[in-house]
Amino acid sequence: MSNIGSYDERIKDFSWKIAEEELGYKEGDVINIGWYCSDRICDQGKADKLALIWEGLGGVEKRYTFNDVRLASNTIGDHLRKLGVKNEDRVCLFMDKIPELYLSFLGVLKIGAIAQPLFSAFGDESLHVRLDNAQTKVIMTQRKHVGKVRRILEQMPYLTHIIIVDHDGKKPLKERESVFSLETAEKIEKFEIFPTKAESPSLLHYTSGTTGQPKGVKHVHYSLISQYLTAKWVLDLQDDDIYWCTADPGWVTGTSYGIIGPWSQGITQCVLDTGFSAESWYKFIAKNKVSMWYSAPTAIRSLMKAGDALVKEHDLSSLRHIASVGEPLNAEAVIWSERVYGMPFYDTYLQTETGSMMLTNYPGMKVKPGSMGKPFPGITAAVLDDNFEPITEPSKSGLIGFRPDWPSMMREYWRNEETFKKKFANGWYLPGDKSTIDKDGYYWFVGRDDDVINTGGHLVSPFEVESALLEHEAVAESAVVAKPDQVNMEVVKAFVTLNPGFIADDDLELKIMNFIRKKLSPLAMPQEIEYMEKLPKTRSGKIMRRMLRAKEWGEEIGDTSTLDDE
Ligand code: 6R9
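Residues numbered from 1 in each chain as written. Predicted model: local features only at pLDDT ≥ 70, side-chain atom pairs only at ≥ 80, totals over all residues. Heavy atoms only, no water.

K.L.:
Looking at this structure, I do not really get the packing of aromatic side chains. What am I missing?
P.N.:
Each aromatic ring pair is characterised by the separation of its centres together with the angle its planes make. Counting across every chain of the model gives 30 aromatic pairs. Between Trp 233 and Phe 376, the aromatic rings sit 5.8 Å apart at their centres with planes inclined by 35 degrees, giving tilted as the arrangement. Of this pair, Trp 233 sits in helix α9 (residues 224-233) while Phe 376 sits in the loop between β16 (374-375) and β17 (381-384), placing them 143 residues apart in sequence. Residue classification places Phe 376 among the buried residues on the basis of a relative accessible area of 1%. Clustering of aromatic rings is evident, with ring pairs tying together Trp 244, Phe 276, Trp 281, Tyr 282, Phe 284, Trp 293, Trp 336, Tyr 341 and Phe 345. (Phe/Tyr/Trp six-rings, centres within 6.5 Å; stacked < 30°, edge-to-face > 60°. Helix = DSSP H or I, 4+ residues; strand = E, 2+ residues; numbered from the N terminus. Buried < 20%, exposed > 50% of the residue type's maximum accessible area, 1.4 Å probe, protein only.)

K.L.:
Mind showing me how you'd approach helix α8 (residues 143-152) here?
P.N.:
Because an α-helix packs 3.6 residues into every turn, residues spaced three or four apart end up facing the same way. Regarding α8, the residues found buried are His 145, Val 146, Lys 148, Val 149 and Ile 152. Angularly, the buried residues of α8 cover 155 degrees about the axis, an arc narrow enough to put them on a single face. Set apart from the buried face of α8 by more than 90 degrees, the exposed residues are Lys 144 and Arg 151. Looking at the buried residues of α8, the elements they touch are β3 (90-94), α7 (124-134), β5 (138-141), β6 (161-164) and β7 (177-179). (Arc of directions from axis to C-beta. Contact = heavy atoms within 4.5 Å.)

K.L.:
Help me understand the site of the ligand, please; the structure alone is not making it clear to me.
P.N.:
As a structural note, the neighbourhood of the ligand is formed by 19 residues, with Asp 347, Thr 348, Gln 351, Thr 352 and Asp 433 the closest of them. Here a nitrogen atom of the ligand and a backbone polar atom of Gly 326 are 3.2 Å apart. Within the backbone of Glu 327, an N or O atom sits 3.4 Å from a nitrogen atom of the ligand. When contributions to the shell around the ligand are tallied by element, the ones reaching two or more residues are α10 (252-263), β14 (345-349) and β23 (443-448). If you tally residues by element for the shell around the ligand, the top one is β14, at 3 residues. The two domains that each donate at least three residues to the shell around the ligand are domain 1 (7-435) and domain 2 (453-553). (Near = heavy atom within 4 Å. Polar contact = N/O pair within 3.5 Å; in protein donor to acceptor, adjacent residues only side chain to side chain. Domains from an automatic or database assignment.)

K.L.:
Where do I start with the sheet that holds strand β28 (residues 528-531) in this structure?
P.N.:
As summarised here, the arrangement of the 3 strands in space is β26-β27-β28, forming an open sheet in which the pairing is mixed. Each of the sheet's edge strands pairs with one partner strand only, and the pair in question is β26 (475-485) and β28. Each strand axis lies, on average, 25 degrees off the axis of its neighbour in the sheet, ignoring direction. (Pairing = 2+ DSSP bridges. Axes fitted to C-alpha atoms, helices over the stretch in contact; angles between N-to-C directions.)

K.L.:
How should I be thinking about the domain arrangement of the protein in this particular structure?
P.N.:
Interface extent is often summarised as the accessible area lost during association of the parts. Along its sequence, the protein is carved into domain 1 (7-435) and domain 2 (453-553). Here the C-alpha centroids of domain 1 and domain 2 sit 30 Å apart. At the junction of the two partners, domain 1 supplies 25 residues and domain 2 supplies 21 residues. For the pair domain 1 and domain 2, the two sides together bury roughly 1700 Å², of which 56% comes from carbon and sulfur. (Buried area = accessible area lost by both parts, 1.4 Å probe.)

K.L.:
Would you explain the packing of α7 against α8 in this entry?
P.N.:
How two helices pack is summed up by the angle between their axes together with the distance between the axes. In contact at an axis separation of 9 Å, α7 and α8 are set at 65 degrees when each is read in the N-to-C sense. Seen along the crossing, α7 lies across α8 with a hand that is right-handed. Contact residues: α7 offers Asp 124, Leu 127, His 128 and Leu 131, while α8 offers Lys 148, Val 149, Arg 151 and Ile 152. (Left-handed = near helix turned anticlockwise from the far one by under 90°.)

K.L.:
Quick question: what am I supposed to make of the pattern of salt bridges here?
P.N.:
Side chains that differ in charge, positive against negative, can pair when their charged atoms come close. Tallying each qualifying case throughout the model produces 43 salt bridges. A salt bridge links Asp 451 to Arg 545, with the shortest nitrogen-to-oxygen separation between them at 3.0 Å. In this pair, Asp 451 sits in the loop between β23 and β24 (453-455) while Arg 545 sits in helix α18 (residues 545-553), placing the two residues 94 residues apart along the sequence. (Salt bridge = Lys/Arg side-chain N within 4 Å of Asp/Glu carboxyl O.)

K.L.:
Would you mind going over the sheet that holds strand β11 (residues 268-272) with me for this structure?
P.N.:
Strand order in this open sheet of 9 strands is β2-β1-β11-β10-β12-β13-β14-β15-β16, and the pairing throughout is mixed. Each edge of the open sheet is held by one strand with a lone partner, namely β2 (61-65) and β16. Judged from the 3 bridges that link them, strand β10 (residues 242-245) and β11 form a sheet pairing that is parallel. Along β11, the bridge assignment pairs Trp 244 with Cys 270. Contacts between helix α12 (residues 297-306) and the sheet are confined to β12 (292-295), β13 (321-325) and β14, with β13 contributing the most and set at about 120 degrees to the helix.

K.L.:
I keep staring at the pairing of β13 and nothing clicks. Help me out?
P.N.:
When a strand is regular, its side chains alternate between the sheet's two faces. Counting buried positions along β13 gives 5 out of 5 residues, so the element sits mostly inside the fold. Burial along β13 is two-sided: the face carrying His 321, Ala 323 and Val 325 and the face carrying Ile 322 and Ser 324 are both buried. The sheet contact formed by β12 and β13 spans 4 bridges and is parallel. Within the sheet, the bridge partner assigned to Tyr 294 lies in β13 and is Ala 323. Examined bridge by bridge, β13 and β14 share 4 bridges and lie parallel to one another. Looking at β14, one finds that Ala 323 is bridged to Tyr 346.

Shown next as structure tokens:
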């Protein structure tokens, strides 16, 4: 029997109180995610249960019980407190998927500070704008990433401490740097957890928009309520499961469902901190007997490409339930998974801003391949017309709207109230995606309502890439759009005009690509750069991305009446 039982029954008299009661929380109580994910699980008699099975390069493995997680997060929290970190100070976690990342996340929350996880492949510029916006006080990082912090240090007077968690004691430390080693630190058994309340801030995740700088999405400790229940009912986590969430905690799936969801219910999870290969993924599943697997469409399409024969070479019989998130999951991928794994990938839809799953497929529910499923119980969702009224006619496309009343809804964009306000209309929160709803109530993704590029499940702002391109000496003007791609669905493509004296050749293309990779990230790096004599512009001088995009997708170009073609 699945945890959710019957979806139709659950939606009848749903209340978030179900989760509150299961977690033993009452309105007004102290609620701290760090405590819920470690101390409480130990109190339930699971101190010796495995919480984390970690594997890094070369097959190196580390294992942590819930008691280890409790002690490690206490120890890190204590260390930060002694450095002067107070509640609501921002602590950036800039690490690969190493155990310290997961453990520090809880340590930061335990002292009431705000965790700011950032994807470790981010380059100097990406790191700088996010630390600058958050006015981050402390950054915890690794030796291999500290160079990026050093290069932007001058511009960050409020950053008081740079903690290196894997320093070998060889190279000298620089300004504001210190070393912390979980292995040698004295373990803190008794720890006073900061008494955060429901609305105390917990987390800042940065997400990219079409224009302007990335937005810091603020979440609060009460988000636990919906993260806990969605993990339980949708991922169907059971006490003896071995769970694998492939997402990086630099992004929302990696925190909501790669830390909080599973650990708040005392589930053993595993983490593979190496790059992707179909072979190593199957080996990992077989070796650890993964029973619940949560991944993303780009990975699934890559596995499809790797072929059916490879699936048969591995014992994947431990798998019981599989799910996907982050970008459109095409019907073929669902049908393929049903054939080769004996079960479909259950698609789920969430956003950095929503904090937990909004639309999803449930165990026991008929999966319609290509559909995102139905709203989670307690979520009021609709597809809206131009007046932001729900469309009642089936299969008509409109903007998705959610009534902003679920526990893990973002509370604000950090220091950006204006953009936050724009996300609402007629009482609906607008995630910026379009969908249809069929006659059975299933949602079908249509597309985004903006120019943001979703490459391999990661959002990239065309504005950020365009601005970074302009900083290259050869580039005079730039326009960035999504280009279709078989595996990643979309990749970044740049159109540029050059400054006098530069030659438009392959060598320069490579140089510009690398420049963006280092400055922003490998995700944001254009996969192709097209040189132009001039870029299409409106009469007011705005570059018409829409036209360039349409060309890439072989679509109608649409209204060009404002085009300046002198
Ligand atoms: C989790 C995550 C959110 C955007 C979202 C939408 C797209 C997420 C999807 C999906 C189609 C799904 N998205 N899940 N599109 N089907 N099941 O990726 O968060 O980085 O904030 O991106 O991703 O466009 O608005 P985030």
